[in-house]
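Reading the structure
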Amino acid sequence: MNTTTVNEVLGRINVSDLKTGYYVFGNKGNVWGNTAHIAKSDFSGRTLCGVPMLSSNWARIEGVKTIGCPNCLARYNNQPVSDDYIQQLAQHMVNTGK
């Protein structure tokens, strides 16, 4: 019998399964796009993938149940983050001076 879950197929994890000290974060776009991020309690204002947490935490407010950001999931699971994402983040930092 195949016991693969929908979340495993989509590469997501449940918010309730996060380790202690980690929590869901996302703006309205992340809520609507099923791309909520993972944040760490001591991570100084950025998600695990480096996105600044500048908005209200709409993922928490709306009760999002799964994490959908592939780069946060990769970092959370100690896997490499995609080169494309690293290049996009570096360009964003250059453009914004952050």
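Structure report, in brief. (Residues numbered from 1 in each chain as written. Predicted model: local features only at pLDDT ≥ 70, side-chain atom pairs only at ≥ 80, totals over all residues. Heavy atoms only, no water.)

1. Regarding unusual backbone geometry
In this structure, Asn 34 is a non-glycine residue whose phi angle is positive, near 55 degrees. Looking at the secondary structure, you find Asn 34 in the loop between α2 (28-33) and β3 (37-40). Residue classification places Asn 34 among the partly exposed positions, given a relative accessible area of 44%. (Helix = DSSP H or I, 4+ residues; strand = E, 2+ residues; numbered from the N terminus. Buried < 20%, exposed > 50% of the residue type's maximum accessible area, 1.4 Å probe, protein only.)

2. Some thoughts on the environment of Asn 30
For Asn 30, the location among the structural elements is in helix α2. Along the sequence, Asn 30 and Cys 69 sit 39 residues apart, while their C-alpha atoms lie 8.6 Å from each other. Asn 30 has contacts with Thr 35, Ala 36 and His 37, leaving out every residue within four places of it along the chain. (Contact = heavy atoms within 4.5 Å.)

3. Some points on the environment of Val 31
You can see Val 31 is positioned in helix α2. With relative accessibility at 19%, the residue Val 31 sits in the buried group. With 35 residues separating them along the chain, Val 31 and Thr 66 place their C-alpha atoms 10.0 Å apart. The contacts of Val 31, once residues within four sequence positions are left out, are Trp 58, Ala 59, Glu 62 and Val 64.

4. Focus on the packing of aromatic side chains
The final tally for this structure, using the stated rule, is 1 aromatic pair. Geometrically, the ring pair formed by Tyr 22 and Tyr 76 is edge-to-face, given 5.1 Å between the ring centres and 90 degrees between the ring planes. On the criterion of sequence distance, the pair formed by Tyr 22 in strand β2 (residues 22-25) and Tyr 76 in helix α4 (residues 70-76) is long-range, its members being 54 residues apart. By relative accessible area, Tyr 22 is classed as partly exposed at 21%. For Tyr 76, a relative accessible area of 7% gives the class buried. Above the ring of Tyr 76, the side-chain terminus of Lys 19 is found at 4.7 Å from the ring centroid. Above the face of the Trp 58 ring, Lys 28 is positioned so that its terminal group lies 4.5 Å from the ring centre. (Phe/Tyr/Trp six-rings, centres within 6.5 Å; stacked < 30°, edge-to-face > 60°. Lys NZ or Arg CZ within 6 Å of the ring centre and 35° of its normal.)

5. Some thoughts on the nonpolar core
Counting 14 residues, the largest nonpolar core has Val 24, Ile 38, Ala 59, Val 64, Ile 67 and Cys 72 as its most contacted members. Here this core gets 3 residues from one element, more than from any other, and that element is α4. (Core = buried A, V, L, I, M, F, W, Y, C linked by side-chain atoms within 4.5 Å.)

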